[in-house]
Amino acid sequence: PPHQRILAPMVGGSELAFRMLCRKYGAQTCYTPMMYSGKFARDPEYRKEVFHTHPEDRPLVAHFCGNDPQVMLAACRKIEEHVDAVDINLGCPQRIAYSGHFGSYLLDKEDHELVLSMVRALAEGLRVPVFCKIRLLDTVEATVEFCRRLEKNGCRLIAVHARYRGTATRRRDGPAHLDQVRAIKASVGIPVISNGNVRQSEDVGKNLALTNADGIMSAEGILDDPALFLETWRQERRDANAKLMSSVDQSVYKAWRKHCKALRDIDQLKKRKSLTTEQKAKVEKRHDLQNTIARLETEHAALKSIRASLQKIQHSFPKVPGKEGVGLALEYLEFTKRYPSATLNHIIFHVRRMCKQVLTKYQLLEELKEAKSEDQVTKILLLCEKYQKGVSGFVFDPEKANRQEEVRKKRAFEEKCRKKYIARMERKAKRLGKPLEELLRPTSVPGGHVYGADPSWLAENKK
């Protein structure tokens, strides 16, 4: 599938409605959120819960995690007719990946043979290509060698998140090491996608120039701006048109453009109710102009392609609605109805990412986080829009600001405690050889608003 502009796989972030919004503004290929291969292979209800698509949702890559070749193959076979490729998650650095032994925790040398066996199993057993999304190994030489082995065993595209894995408690590694992507690209014969350091549209071209990659994958940047790829898409069309124009003699091209403009002017004149004598004379030349243009296009075939390209540039690019992300967020809400897939948590997450600055400015961020329905989210966005347009006057409320700051501090405190509790349960799960979810059951494990009604996990802060 095309792979110049790619929406990354994101848990809770790359669901169907958001994928379709990003496609409208230039994303070519999209990845599903991460799906657990074991659960996907055996549980029909889980498949219904996590996988949603639409005929327009193509090209689509199914993104799986796991560590068993046959289980991974069984999961992929459940879905291969509905996607254009499958992808093995070799990049997730989160605690759950550590406890479940998948993602970037399969990049240690002792697991390389297991990874290669998964790639071989999928490459030999599926009708769609196999991709891998990786992080960097300890040295560029080690990463290059690993990528060569992935290619040799059947991988057909590698997306490189150009950061090191870090640890289960410290997942980020600062800016991406894009120079290593360039080294990987020079060492393999399959497409290499660069992931990292793309926060705004101008970063796309810079990243491509620096890495020489075949395409760009975005996660954080495109969450903030679903139209991140729009300008790159436009520029690709302009570059393609310029290449076509350079293939035609410039005197011929200028004459053709002159005739095409004259024809457009005549078509505008024909819409008028009355014309002057001079204008009528111009209209009478329409047939001769059409014949001249047709002759030039027959003698110089590239002119037809240039015409089609110019029409695409003029008509096919959407206009980004509103400002400060509010228009895009309202459009996303429309997409959640058109392409059902998003939960309220998805909606709040995406709206917060797209509109954080304006929500903060108008003291509505905490209200969004506490929203209990999609209608409430819509009302908050419409209020932002009124403030932006000056329909309603916004007045800063110091008391509200103080209350919101207290709520923010409380939420941050609870989140810190929750993470400490989950980390302890993950260590216990690994020690006992039990699934983490078994230890996090609401009936037996405290977890506040996340895992149950009893917020006794706050005591974790004292440990």
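As a reminder, the structure under discussion sits directly above these lines.
No experiment lies behind these values; they were computed from the predicted model shown.

Each value, and the rule that gives it
- Residues numbered from 1 in each chain as written.
- Predicted model: local features only at pLDDT ≥ 70, side-chain atom pairs only at ≥ 80, totals over all residues.
- Heavy atoms only, no water.
- Buried < 20%, exposed > 50% of the residue type's maximum accessible area, 1.4 Å probe, protein only.
- Helix = DSSP H or I, 4+ residues; strand = E, 2+ residues; numbered from the N terminus.
- Pairing = 2+ DSSP bridges.
- Right-handed = clockwise from strand over helix to strand, strands pointing away.
- Expected span 1.5 Å × (residues − 1).
- Arc of directions from axis to C-beta.
- Contact = heavy atoms within 4.5 Å.

Draft legend 1. Spatial organisation of the pairing of strand E4 (residues 60–65). Among the six residues that make up E4, six are buried, leaving the element largely enclosed by the rest of the structure. What you see with E4 is no split at all: Leu60, Ala62 and Phe64 on one side and Val61, His63 and Cys65 on the other are buried throughout. Examined bridge by bridge, strand E2 (residues 29–31) and E4 share two bridges and lie parallel to one another. For Cys30, the partnering residue across the bridge sits in E4 and is Leu60. One ladder, built from two bridges, connects strand E3 (residues 35–36) with E4; its direction is parallel. Within E4, the residue paired with Tyr36 across the bridge is Cys65. In this sheet, strand E5 (residues 85–90) lies alongside E4 in parallel orientation, the contact comprising four bridges. Note on E5: the bridge partner recorded for Ala62 is Val86. A crossover links E4 with its parallel partner E5, the connecting element being helix H4 (residues 69–77), and its sense is right-handed.

Draft legend 2. Spotlight on helix H19 (residues 374–389). The terminal C-alpha atoms of H19, which comprises 16 residues, lie 23 Å apart, in line with the 22 Å expected from a rise of 1.5 Å per residue. Residues of H19 that are buried: Val377, Ile380, Leu381, Cys384, Tyr387 and Gln388. Down the axis of H19, the smallest arc covering the buried residues is 115 degrees, so these residues share one side. Among the exposed residues of H19, those oriented more than 90 degrees off its buried face are Asp375, Lys379 and Lys389. On the buried face of H19, the contacting elements are helix H16 (326–338), helix H17 (344–361) and helix H18 (365–369). Immediately beyond the C-terminal end of H19, within one or two residues, lies Gly390, with a positive phi of roughly 80 degrees.

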